[in-house]
Amino acid sequence: MPAKGGKPQELTVVHGELVYTPEYEGGNDPYQLSPDGKTLIYAAYDTAAAKREVEERMKSGVLYKGEPYYRFRLFRCSKSQLAPFELWSYDLDHGRTRRLWEAPIFLRQGSMAPEFRISPDGKSLALLYETSNESRHALAVLDLANGKVNPLLSNLAHSYSLKWSDDGKSLLFVSQGGELHEDQLSVAITSQYTLSLIDGSLKLDKDADLAFLTGPDPVAKAVEQKTGDRLHNCSLSANKTRAVCIEESPMIPPEVVSVVVHDRSSEGKPLVLTHLNPAYDVIELGQVSSLSWSDKKGEGGQPQAGLILPVNYISNKRYPLLVVLYNVYSGRRFNSESYASYPTQAFAGHGYAVLLMNVPEGWFVYKDGDFTAAKAAEVDSVVAAVRSAVDLLIARGIVDSKRMGIMGWSYGSFWTDYIVTHYADWFQAAASGEGGNHEPGSYWLWGDRWKDQEDRFFGGGPYGRFYSRWKEVAPVLNVDRLRAPLLMEYTGANLNGIEMRTAILEQGGQTELVIYPDEEHVFQRPLNRFNSMTTHFDWFNFWLLREEDPDPAKREQYARWRQMREKLNSRDELRAHGKKQQ
């Protein structure tokens, strides 16, 4: 589209679908323009062709080799099929399209995609991609003139956030380890590495600015240090004299701003260019702040937690509390949300205090098969952090301990389910989504890659001599203790919600499972996101505040929930009666 305005011109037909931006853990884009503006590089999946291939291959049955089960399910949504990652170029001067490179995908679309970066001189592409089901990565450079790929590193641990140095002489990336050997831990601390393209040396670059790769870029960081304004996603002009960024904070909705730059340092305050959300001029938001406590384990990195106070908060008045799990507070983002299903500010506007929990540092670092260390790092530390934060808010007179709910997505789903099944009297209502970690069903459902992950944690599968370890941890094996009603939301590719639902209902608990067949692991479709937010909002209002939305369209929903409440009350009365007789 011309910079001066006018009609957009279609450049090329994408062979399949553009790779979704959320799939990039390191902040890559699905398309990039060369420095001279003459070549467009873009990434695509031909998911329709992949689905046809799977259908053809399965006509006469197919040998199972430990793949995730979803590869054998022919969903209406083609993204459930694994399609190769393809890089294409488009010559803007001559209108020619060319396929540059292809790599296999080991995780379902919607997970982590290969990364590519155009060199500062525009002559080559740096590539960072997975090479096996064991999350091994490789680094290579592709020559755009002849299409040849030069391998650089072949056995990296989990790696992401690929960048070129400004002079084009080295590559920077974040990794859990350089080239690994068999005796090294497969779970390691994430650090920044620098690879010299001059002499091929790879070094752990402790002195480099890690924020350059994983947090705000240098311009944003310089602006924040100088003015206090919080920026991200900056884009520099060709002559590097001006940057355009997004400015936002938990109390300020995102706007586009312009910053004058000199030698990657800002000059003056950002100039606000847009007014994208005028409605927020009159919307009251709950005050957001960082929360810390005496436990020092979470210090030194991200804040331990964030707290959203109810709108029009009154000191010494106790409010219902909602705990949201899994690194959902950074102090940088509007509404402080990583997952779109939890409308935290809507809850604050309705009179809730909202606790945004981060995971304690070191939670994923332990020796393979050391169950005691694994449980302490990955389970007990999170439980202790939640308890410490909640107790602090109760002690401060903010929270009513008899009206508390908890929710978590992905890994946060495991922690939510674990807490409500192992500490049943802490929360009165719960919600979890898209989980499956440390559940028996996942051991066979998600294939050999997931099986290896669980072996590192438990030492082996949920059978024989390791079963007692699974019984100690797995929420689905402990639902007999569950007292709170549990709302679950899952995509069509994830069957773990069905396993959990069956176990809960079989043992007298109450749960509701909502399945979104056409969604990604983190919901992308606007209608689905809205419906998920609304369902969670209604759910906690019903169970914690005993409120019902008078909308006639929701009559059936509340009829179900009232039935669930009656069954839970009857079960609790029977249990109380049994204890008296004992």
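Residues numbered from 1 in each chain as written. Predicted model: local features only at pLDDT ≥ 70, side-chain atom pairs only at ≥ 80, totals over all residues. Heavy atoms only, no water.

S.K.: Quick one: what's the story with the overall build of the protein chain, residue by residue and with numbers?
M.R.: When you go through the protein chain residue by residue, the secondary structure sums to twelve helices and 25 strands. Total accessible area computed for the protein chain in this model is approximately 27,900 Å², and 51% of it derives from carbon and sulfur atoms. (Helix = DSSP H or I, 4+ residues; strand = E, 2+ residues; numbered from the N terminus. Areas by Shrake-Rupley, 256 points an atom, 1.4 Å probe, with all protein chains shown as cover.)

S.K.: Describe the pairing of strand E20 (residues 319-325), listing the residues and the values that go with them.
M.R.: Burial of E20 is extensive: seven of the seven residues sit out of reach of the surface. Pairing of E20 with strand E22 (residues 399-409) involves six bridges; the strand directions are parallel. Bridge pairing in E22 places Leu321 opposite Met404. Examined bridge by bridge, E20 and strand E21 (residues 353-357) share four bridges and lie parallel to one another. Residue pairing in the sheet places Val324 in a bridge with Leu356 of E21. (Buried < 20%, exposed > 50% of the residue type's maximum accessible area, 1.4 Å probe, protein only. Pairing = 2+ DSSP bridges.)

S.K.: Give a description of the packing of helix H5 (residues 371-395) against helix H6 (residues 411-422) that names residues and reports values.
M.R.: Packed helix pairs are characterised by how far apart their axes lie and by the angle those axes make with each other. With their axes 11 Å apart at the nearest point, H5 and H6 run at an angle of 70° to one another. Classified by the angle their axes make, H5 and H6 are roughly perpendicular. Here H5 runs over H6; the crossing is right-handed. Contacts from Lys375, Glu378, Val379, Asp380, Val382, Val383 and Val386 in H5 reach Tyr411, Phe414, Trp415, Tyr418 and Ile419 in H6. Of the residues in the contact of H5 with H6, the class split is nine nonpolar, no polar and three charged. (Axes fitted to C-alpha atoms, helices over the stretch in contact; angles between N-to-C directions. Parallel < 35°, antiparallel > 145°, perpendicular 65-115°, else oblique. Left-handed = near helix turned anticlockwise from the far one by under 90°. Contact = heavy atoms within 4.5 Å. Nonpolar A, V, L, I, M, F, W, Y, C, P; charged D, E, K, R; others polar.)

S.K.: If you had to explain the pairing of strand E10 (residues 159-164) to someone new, which residues and values would you point to?
M.R.: With six of six residues buried, E10 lies mostly within the body of the structure. Examined bridge by bridge, E10 and strand E11 (residues 170-175) share four bridges and lie antiparallel to one another. Each residue of the ladder has a partner; that of Lys163, found in E11, is Leu172. Between E10 and the antiparallel strand that follows it, E11, lie five residues; Gly168 among them carries a positive phi value of about 75°.

S.K.: Describe the pattern of salt bridges, with residues and values.
M.R.: All chains considered together, the criterion is met by 14 salt bridges. Residue Arg99 pairs with Glu86 through a salt bridge whose shortest N-O separation is 3.2 Å. Here Arg99, found in strand E5 (residues 96-103), pairs with Glu86, found in strand E4 (residues 85-91); they are 13 residues apart in sequence, far enough to count as distant. Assessed through its relative accessible area of 46%, Arg99 is described here as partly exposed. When the shortest N-O distance is used, the salt bridge between Lys554 and Asp549 registers 2.9 Å. With a relative accessible area of 13%, Lys554 lands in the buried category. Shared partners join several salt bridges into a network, and the residues in it are Glu86, Arg99 and Glu102. (Salt bridge = Lys/Arg side-chain N within 4 Å of Asp/Glu carboxyl O.)

S.K.: Report on the nonpolar core, specifying residues and quantitative values.
M.R.: If you look at the biggest cluster of nonpolar residues, it comprises 85 residues, and the most contacted ones within it are Leu321, Leu355, Met357, Trp415, Phe427 and Phe540. Looking at this core, the element that brings in the most residues is H5, giving twelve residues. The contact partners of Phe540, leaving out residues within four places of it in the chain, are Leu322, Phe347, Tyr352, Gly405, Ile406, Met407, Ala429, Ala430, Ala431 and Leu545. Counting residues in hydrophobic clusters, the runner-up holds 22 residues, among them Val19, Phe85, Leu125 and Ala138. (Core = buried A, V, L, I, M, F, W, Y, C linked by side-chain atoms within 4.5 Å.)

S.K.: Got a sec to walk through the side chain of Glu247? Specific residues and values, please.
M.R.: Mapped onto the elements, Glu247 comes out in strand E15 (residues 242-249). Among buried charged residues, Glu247 stands out as having no salt bridge; its nearest opposite-charge side chain is Lys269, 6.2 Å away. Setting aside anything within four residues of it in sequence, one finds Glu247 in contact with Asp229, Arg230, Leu231, Pro253, Pro254, Glu255, Val257 and Val272. (Lys, Arg positive; Asp, Glu negative; His and termini not counted.)

S.K.: Before we move on, could you go through helix H11 (residues 526-545) and cite the residues and values that matter?
M.R.: Here H11 spans 28 Å end to end across 20 residues, near enough to the 28 Å set by a 1.5 Å rise per residue. Where H11 is concerned, the buried positions are Asn528, Ser532, Thr535, His536, Asp538, Trp539, Phe540, Asn541, Phe542, Trp543, Leu544 and Leu545. (Expected span 1.5 Å × (residues − 1).)

S.K.: Tell me about the packing of aromatic side chains, and name the residues and values.
M.R.: Where two aromatic rings form a pair, the distance of their centres and the angle of their planes describe that pair. As enumerated under the stated definition, the model contains 33 aromatic pairs in all. Where Phe347 meets Phe537, the ring centres are 5.3 Å apart and the plane angle is 40°; that geometry is what we call tilted. Remark: Phe537 occurs in helix H11 and Phe347 occurs in helix H4 (residues 344-349); sequence separation between them is 190 residues. Residue Phe347 is classed as buried on the basis of its relative accessible area, which comes to 1%. One aromatic cluster in this structure is built from Tyr326, Tyr411, Phe414, Trp415, Tyr418, Tyr423 and Trp426. The positively charged end of Arg387 is found above the aromatic ring belonging to Trp426, 4.6 Å away from the centroid. (Phe/Tyr/Trp six-rings, centres within 6.5 Å; stacked < 30°, edge-to-face > 60°. Lys NZ or Arg CZ within 6 Å of the ring centre and 35° of its normal.)

S.K.: Describe the environment of Lys240, with residues and values.
M.R.: For Lys240, the position within the fold is in the loop between strand E14 (231-236) and E15. Given the relative accessible area of 41%, Lys240 is considered partly exposed. With 20 residues separating them along the chain, Lys240 and Val260 place their C-alpha atoms 9.1 Å apart. Excluding residues that lie within four positions of it along the chain, Lys240 makes contacts with Asp166 and Val261.

S.K.: Any chance you could break down the sheet that holds strand E23 (residues 429-433) for me, citing the residues and the numbers?
M.R.: Note: strands within a sheet are paired through backbone hydrogen bonds, in either parallel or antiparallel orientation. Pairing within the open sheet is mixed, and its eight strands lie in the order E18-E19-E21-E20-E22-E23-E24-E25. Across the chains shown, the open sheet's two edge strands, defined by having one partner strand only, are strand E18 (288-291) and strand E25 (511-516). Between one strand axis and the next, the sheet turns through 20° on average, direction left out of account. Sitting on the sheet, H6 is in contact with E20, E22, E23 and strand E24 (486-491), with an inclination near 140° to E22. This element, helix H10 (residues 496-506), spans E24 and E25 of the sheet and lies at about 155° to E24.

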